[in-house]
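A structural walkthrough
Spelled out, the chains give:
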Amino acid sequence: MTSRAAKISFVLSAMLLLVAGLDDGRVAVAAVSDDDRLPLAQLQSLGHSDGYVAKFQGKPVLLQFWASWCHSCSSIMFDLDKLLKLYPDTDYLAVSMDEERDDALQYIQKHALYKKYNDHFFLDYDKILATKLGVETVPTVILFDAERNEVVRRSGHLNSNDLLQLSAGMKSIAESHSGEIKK
Amino acid sequence: MFVLLPALYLGSLANAVEAAEYYADILPLVEQNCLACHSEAGVSFSFEDPELTYSFRAAMSSAVADDRMPPWLAQSGHRKYVDDYSLSAGEKAIFADWANAGYPRDAEQQELHQATMAASPPVFASDFSVELISGRSFLPNQKMKDEYRCFIIDWPFDTDKYVTGFKAEPGNLRIAHHLVNYAVGPESADLIRELSADEEGEGHRCFGGPLPDRMADEEERAKLEERHPGGWDKLRRDNFWLSHWAPGMSGFEFPANTGILMKPGSVVVVQMHYYSAFAPGETDQGSAMHFQVADTVEKPSVNFPLTNQAWLGSRRNKSMLIPEGGRSTYQFSRTFENIRNYATRVLQIDHSEVAAIELRSVNVHMHAYGASGNTSLIDGNGRKQMLLNIPRWDLNWQRDFTFEDAIRIEQDEWDSTTLVVECTFANHTDKMVFGGFGSDDEMCINFSYISLVLKENQAVAAR
């Protein structure tokens, strides 16, 4: 099977199976969505839990693109960690833009907070997700609501204004979600 | 047809001429504006290999378009600053054109590009050099992305000296983000030594300036007051910004004929900003500080701190509050008469000796909740002159902005001309943020380098 055919086959399988782990650690993310909101993509797990992404379904997602050479990426992890504690119903997905898988793996082992979220780390296979989402730089942080609608996107080092917008988005999603549960 | 073809040809030629290409147009800008930090000897990943640098093309163009890189916080169009390494509108347009054209890459140029920022720095003749934590090492707190740690240097001279230049050589550029030197006067030197020695490990934690973070706690201050009545107030007033270093800076001399007075028995508190988030586990093996001094200067100078001291006690007096999930703006101003009074007190010069004041620099200092800020001058007719506008504050890239041309305020303008600092904060947390010294507190300060022009223009000899 050619590489391209393998990819197509994989995408189709993922759409049918919703979420599926592959032998080499690749998994599909957001397989429930086949539109452009949070596009179907092929991600390679940098952690060890193939089934992790299944937990995203029906939950808001904080998606962070990062790279092992990126200073700001490692710094904003401290801020994202606090926000994720504040809004525990939001899931977190960190997608490496590294060219080499080993660069990403080695850096994760050096950084305590990266290790903490180890299961949430993936490599963007062929940069498909980044391309579909129009991500050109790291860090880029995108918040999706439970229906996969993009709510907030910030690129570059996050300052207080960026964090306020992000936390306001997470709060708004959490409040609307809690309203739906009450109904 | 015969008319149209040449027209089309000329049109395509014009496009070809205008299209920016990598080696011819982009790489020279990268070399001139980025290599001081983005190099093996710098603080961030290297742009020294042109082919590898090309792989960052999209990220680089995006950072330039958003004014994130080079990290120069000042909005253009207000004043000309010394060492301004921001890109001009024309240079940014070259990046934008290049990105729009799909990042075209021409053939490699053979001539050696000169990296202006990375070129050999001018020789810096030091009169006093010292290495911090010499022979030991310091590991920043690994549970925080940043640590601000202060180390004390005994000022060695037994007569008055004017500091006229400074150079820093941080021990580990992968974790040394920037540093600020504060002078603490002889009457408070023992106090700061005592407070620093009370903390475990090398130096003391000092996010908000030269004083220990723990002094934000009223109980800690009460304990100090028991041992040294009036000590806290004295210490708080008896320190000032002396010099600083940020990535890309080499040794530099203060503006010509100026210097900052250091009294015998003073200490220098070096506030190191360690940025461990990127390089966990790495230590500082010893950073070197070099000072140039003079016995006399024509225009004695100070770094004037423009801030509302009450803000530092906001937990008690509620003078600076930033509500959870909200934004707040605070402003403070002082007349040049106030500034003259401060400068003459620090420099121990009689008021009557001062003929004029020269305003040479501005900055804005906030902490992590800072969103934007500015410093302006308002004259006696209420006209506002923006001196520095920072539309997007970033704690990581704070620095001093020295004017190419000083602003001279004459004696008859001192009481009607004011210097104003304004800070806007954004609080993303679920807790109220207060003004104060701690890392979770906020500040709004402008430090301005102020030179006194003395009557008869006499150089001030060390006294």
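Residues numbered from 1 in each chain as written. Chains lettered and ligands numbered in written order. Predicted model: local features only at pLDDT ≥ 70, side-chain atom pairs only at ≥ 80, totals over all residues.

Quick notes on the overall build of chain A
The following threshold applies: Numbering of helices and strands starts at the N terminus; helices are DSSP runs of H or I of at least 4 residues and strands are runs of E of at least 2. The exposure label follows from counting other C-beta atoms within 10 Å of a residue's C-beta, where the C-beta atoms are placed from the backbone and the thresholds are 20 or more for buried and 12 or fewer for exposed, leaving partly exposed in between. With C-beta atoms placed from the backbone, a contact is any residue pair whose C-beta atoms sit within 7 Å.
Broken down by element type, chain A carries six helices and seven strands. Seen in sequence order, chain A has helices and strands lined up from the N terminus as α-β-β-β-α-β-α-α-β-α-β-β-α. Here chain A holds 183 residues, and 44% of them are scored as buried. Long-range pairs, those at least 24 residues apart, make up 67% of the contacts in chain A with a sequence separation of at least 6.

With respect to helix α3 (residues 101-110) of chain A
All names here are of chain A. Applied cut-off: What the arc describes is the spread of directions from the helix axis to the C-beta atoms.
Every buried residue belonging to α3 is among A104, Y107 and I108, and all of these are buried. Seen end-on, α3 carries its buried residues on one side only, within an arc spanning 105 degrees. Counted as exposed and oriented over 90 degrees from the buried face of α3: D102, Q106 and Q109. Where α3 is buried, its residues touch β4 (91-96), α4 (112-116) and β5 (121-124).

A word on the pairing of β5 of chain A
Residue and element names in this part refer to chain A. The line we're drawing: Each pair of strands is called paired provided DSSP finds at least two bridges between the two strands.
On β5, burial covers both faces: F121 and L123 on one face and F122 and D124 on the other are all buried. Where β4 and β5 come together, three bridges link them in parallel fashion. Each bridged residue has a counterpart across the sheet, and for V95 the counterpart in β5 is F122.

So, helix α2 (residues 71-86) of chain A
All names here are of chain A. Spelled out, the test is: To estimate how far a helix should extend, the number of its residues minus one is multiplied by 1.5 Å. In this analysis the local bend is the angle between axes fitted, respectively, to the seven residues ending at and the seven residues starting at the residue.
When the terminal C-alpha atoms of α2 are compared, their 24 Å separation across 16 residues agrees well with the 22 Å that a helix rising 1.5 Å per residue should span. The largest bend along α2 reaches roughly 30 degrees and is located at M77. Considered for burial, the residues of α2 that qualify are S72, C73, S74, S75, I76, M77, D79, L80 and L83.

Some thoughts on the interface of chain A and chain B
How we decide: Under the scheme applied, nonpolar residues are Ala, Val, Leu, Ile, Met, Phe, Trp, Tyr, Cys and Pro; charged residues are Asp, Glu, Lys and Arg; polar residues are all the others, including Gly.
Facing 23 residues of chain A, the contacting portion of chain B comprises 27 residues. Listing elements by their share of the side of chain A that touches chain B, those giving two or more residues are α2 and α6 (160-182) of chain A. The residue makeup of the side of chain A that touches chain B, split by class, is nine nonpolar, 12 polar and two charged.

As for the domain arrangement of chain B
All names here are of chain B. Quick note on the threshold: An automatic or database domain assignment provides the domain bounds reported here.
Examined at the domain level, chain B breaks down into domain 1 (4-100), domain 2 (124-297) and domain 3 (299-463). Centre-to-centre, using C-alpha coordinates, domain 2 lies 20 Å away from domain 3. On the domain 3 side, the residues contacting the 25 residues of domain 2 number 25 residues. At the level of secondary structure, the elements contributing two or more residues to the side of domain 2 that touches domain 3 comprise β3 (161-169), β6 (239-245), β8 (258-262) and β11 (296-297). If you tally residues by element for the side of domain 2 that touches domain 3, the top one is β8, at four residues. Residues belonging to the side of domain 2 that touches domain 3 are distributed by class as follows: 12 nonpolar, nine polar and four charged.

Some details on the packing of helix α4 (residues 57-65) of chain B against helix α5 (residues 89-100) of chain B
When two helices pack together, their arrangement is given by the angle between their axes and by how far apart the axes lie. Residues and elements named next belong to chain B. Under the convention used in this document: Only C-alpha atoms enter the line fits that serve as axes; for helices the fit covers just the stretch in contact. Angles between N-to-C directions range over 0 to 180 degrees. An angle counts as roughly parallel when it lies under 35 degrees, as roughly antiparallel when it exceeds 145, as roughly perpendicular when it falls between 65 and 115, and as oblique in every other case. Here a crossing is called left-handed whenever its near helix is offset anticlockwise from the far helix by less than a right angle, and right-handed whenever the offset is clockwise.
Two elements in contact, α4 and α5, have axes separated by 9 Å at closest approach and are oriented at 140 degrees. It follows that α4 is oblique to α5 by the angle criterion. Between α4 and α5 lies a crossing of left-handed hand. The residues of α5 that touch α4, namely those facing S61, V64 and A65, are K92, F95, A96, W98 and A99. Here the residues of the contact of α4 with α5 sort into six nonpolar, one polar and one charged.

Section: the confidence of the model for chain A
Should the pLDDT be low somewhere, the predicted coordinates at that spot are not to be read in detail. All names here are of chain A. Stated formally: For every residue, the predictor assigns a confidence score, pLDDT, that lies between 0 and 100.
Per-residue pLDDT for chain A averages 77, and the proportion of residues at 70 or more is 68%. Per-residue pLDDT, averaged within each element of chain A, yields its smallest value for helix α1 (residues 3-17) (37) and its largest for strand β6 (residues 140-144) (95). Confidence drops under a pLDDT of 50 for residues 1-23, and excluding neighbours within four residues, the segment shows 26 contacts in the predicted structure.

Structural notes on the sheet that holds strand β4 (residues 176-184) of chain B
Residue and element names in this part refer to chain B. Read from one edge of the open sheet, five strands run β5-β2-β9-β4-β6, paired in antiparallel fashion. The open sheet terminates on both sides in strands that have one partner only, identified here as β5 (204-205) and β6. For strand β2 (residues 146-154) and β5, the ladder comprises two bridges, and the chain directions are antiparallel. Note on β5: the bridge partner recorded for C150 is H204.

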